[in-house]
Amino acid sequence: MFFVCLTASLALGCSSGVEVTLNLMNPCGAEDMLKDCSFIQMSVSSLDPSDPLHPDKIVDQQGPIGWSCDFAQGKCSLNGDLLLGVARVVDVRCLADMATPPLTRATSQAMLLDKSGELGTMNLLMGNINGFIPTTVLEDNASPASVGTCSVMGQGSVGRYGHTSTLLADGRVLITGGIRKYGQVEEILATVEIFDPQTGQHRLLTAADGSPLKMRAMSGRAFHTATVLRTGKVLLAGGIGLLAGKKDTLISTEIFDPDTETFPEQWVNQMGSHRAYHTATALVSGEVLISGGASVSNGTISAYHDTAVIYNPDTNTWQAVANTMSTARAFHQAVQLSNADNNNIVIIGGENGAGTHNTIDLFDVTNREFYAGVDSEDTRMHVNRSHFSAVLMANGNVLVSGGTSVLDGEPTSLVEIFEPGSKAPFGAFRVETLSLAVARKDHSSTLLDTGNVLIAGGQTATHLAVGVGELVLVGAQNYSVLELTDDFLDPPRFLHTAVRLRNGWVYLAGGLPSLAPDDLPITQSVLFVPRPAW
């Protein structure tokens, strides 16, 4: 076992100093992550943009501080004063030699070390770079023997899909609703759990009487949205619930308060129309735009929506957008563009009763309405898409991947790029396209700190889950795809969630391994270990 000792002189008034030990742990059931180490590389950075150790400060000749140690020494020490910041992060990397990239990596969550206390020993999870590892218990004061074991979702022996995962302001992940199934029997969940990357634990939230905490929508919610507000609270909107024994869409909305871990009754409201499979986007004003979606009656889609509504958290009220999208859409994507593009919202693809679509709509955040006349040859995708994924990249472009071009059809491997500023007035899709190694739908795409995009999971043409991850590598003027063949997503999954944590790692939770009736939703969450950005 390798220890990293941080000895702090603590000039803030503690003359005796504080020793902090970082214990590098293997993921549960994994091989020794340090077996090929000859050198240990360490760095300290900050998540606070005003901190001199923030990565953006590199241009100012500041930024993260790093150094290396000989692994044979068994210990690597540094001055713990480097941790005296609001949100300092320690990154530990294993190298076979100093001339090649690191093999494995452990990254702390944001920490605060000050004169009022000491961190003592902190367990950090080590993982193969560009690999997937199971979430592992790192800290459990109530049951110390569980440290080092696999950490699974708190719902029990059966996981969930069609749920939401939302990063909270304190770095924890809120998981709400979804579907739990046993063979042909499905239960729509009203329960809530939290994953804490600091401890590695999943915790099913409980009410004062010890029973599982339930949403205000006792019907449960699946295929709903959960959006963080400026206050740190989380807005839950719509979805499918079990009403009078039937699956129907919900009109209700509610708020989760992370400080009290409750759903206060005074925040329950209605958004004007029943919808699921919609999108929710936080606007720069602090409001939330809900667009599109579908209505479900007795388990079957009965209508698709071309409308949108806006939530005002200051007044807990909803207002309809004055005009509509160019077509009704569900299973689409909505992406907020960068400051250079006025933070407008591009709404892409999706499906309705007429089939899948390759068109976009653009929401004008200044005038609070959809632009007219957006559709053109330039603004259409190369293929129609539904059940796909889209993400804003650091360069301001939008990466669109996978999905299906036919209702309930086979997935596509095609990747394309929307460039908002390439052609006036509404942008255009690049003529050049890419292809994933594995065609997939119902997958996730996550922007990494390196500027690359992780493509994970998804469903194949035979309705099995994809275990192969892929990276879309973003260059100055070009894009390429790297298949990750050394470490697979285990278990494979689709209809899961993916969240980039504050330390840059990606947390993937829940999902289905296949559409086979006897296959249960997945309980084991995983983490993706990205290559360091600096």
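Residues numbered from 1 in each chain as written. Predicted model: local features only at pLDDT ≥ 70, side-chain atom pairs only at ≥ 80, totals over all residues. Heavy atoms only, no water.

So, the overall build of the chain
Now for step 1: Helix and strand counts for the chain stand at zero helices and 45 strands.
Now for step 2: Each principal axis of the C-alpha atoms in the chain carries an extent, and together these give about 70 × 60 × 45 Å.
Now for step 3: Relative to its 534 residues, the chain shows a buried fraction of 57%.
Now for step 4: The long-range share in the chain, meaning contacts at least 24 apart out of those at least 6 apart in sequence, stands at 55%.
Now for step 5: With 32 positive and 53 negative side-chain charges, the chain shows a spacing of 3 Å between the two charge centroids. (Helix = DSSP H or I, 4+ residues; strand = E, 2+ residues; numbered from the N terminus. Buried < 20%, exposed > 50% of the residue type's maximum accessible area, 1.4 Å probe, protein only. Contact = heavy atoms within 4.5 Å. Lys, Arg positive; Asp, Glu negative; His and termini not counted. Charge placed at Lys NZ, Arg CZ, Asp CG, Glu CD.)

Remarks on the state of the cysteines
Now for step 1: Using the criterion set out here, one finds two disulfides in the structure.
Now for step 2: Disulfide pairing places C28 opposite C150 at an S-S distance of 2.0 Å. Because the sign of the S-S torsion sets the handedness, a value of about 95° for the bond joining C28 and C150 places this disulfide among the right-handed ones. Of the two residues, C28 sits in the loop between β2 (18-25) and β3 (39-46) while C150 sits in the loop between β9 (131-134) and β10 (164-167), which places them 122 residues apart along the sequence. (Disulfide = S-S within 2.5 Å.)

Brief notes about the sheet that holds strand β39 (residues 444-447)
Now for step 1: Strand order in the open sheet formed by four strands is β39-β40-β41-β42, with antiparallel pairing between adjacent strands. With partners counted over all chains shown, the strands left at the sheet margins are β39 and β42 (479-484), one partner each. Pairs of neighbouring strands in the sheet enclose a mean axial angle of 20°, with direction left out of account.
Now for step 2: Relative to strand β41 (residues 469-474), strand β40 (residues 453-456) runs antiparallel, the two being bridged by three bridges. In the strand pairing of β41, L454 is matched with L471. (Pairing = 2+ DSSP bridges. Axes fitted to C-alpha atoms, helices over the stretch in contact; angles between N-to-C directions.)

Some points on the side chain of S386
Now for step 1: Here S386 lies in the loop between β33 (369-370) and β34 (389-392).
Now for step 2: A relative accessible area of 0% places S386 in the buried class.
Now for step 3: Ignoring anything within four residues of it in the chain, the contact list for S386 reads A330, F331, G350, E351, T356, G403 and T404.

Examining unusual backbone geometry
Now for step 1: Cis rather than trans, the peptide bond between A424 and P425 has omega equal to -5°.
Now for step 2: Among the structural elements, P425 can be located in the loop between β36 (414-419) and β37 (428-429).
Now for step 3: Unlike most non-glycine residues, E261 shows phi in positive territory, near 55°.
Now for step 4: Assignment of secondary structure puts E261 in the loop between β20 (252-256) and β21 (269-270).
Now for step 5: For R368, which is not a glycine, the phi torsion comes out positive at approximately 55°.
Now for step 6: Within the element layout of this structure, R368 appears in the loop between β32 (360-364) and β33.

Points about the packing of aromatic side chains
Working definition: an aromatic ring pair is given by the centre-to-centre distance plus the angle between the planes.
Now for step 1: Evaluated as defined, the whole model comprises 10 aromatic pairs.
Now for step 2: Plain terms: the ring middles of Y311 and W318 are 5.0 Å apart, the flat faces sit at 45° to each other, and that makes the pair tilted. In this pair, the class of Y311 matches that of W318, namely buried. (Phe/Tyr/Trp six-rings, centres within 6.5 Å; stacked < 30°, edge-to-face > 60°.)

Section: the sheet that holds strand β29 (residues 345-348)
Now for step 1: Within the open sheet, the four strands sit side by side as β28-β29-β32-β33. Their pairing is antiparallel. Edge positions in the open sheet fall to β28 (333-336) and β33, since each of these has one partner strand only.
Now for step 2: Bridging between β32 and β33 involves two bridges; their strand directions are antiparallel. Pairing of F363 across the sheet is with F370, part of β33.

Section: the pattern of salt bridges
Now for step 1: In the structure shown here, the tally under the stated rule is 20 salt bridges.
Now for step 2: With a shortest N-O distance of 2.8 Å, D170 and R172 are connected by a salt bridge.
Now for step 3: Look at D170 and you get partly exposed, because its relative accessible area is 45%.
Now for step 4: For R172, a relative accessible area of 13% corresponds to the buried category. (Salt bridge = Lys/Arg side-chain N within 4 Å of Asp/Glu carboxyl O.)

Brief notes about the pairing of β20
Now for step 1: Where burial is concerned, most of β20 is hidden: five out of the five residues are buried.
Now for step 2: Alternating positions in β20 separate into two faces, S252, E254 and F256 on one and T253 and I255 on the other, with burial throughout.
Now for step 3: Examined bridge by bridge, strand β17 (residues 234-237) and β20 share four bridges and lie antiparallel to one another. Among the inter-strand pairings, L236 is bridged to a residue of β20, identified as E254.

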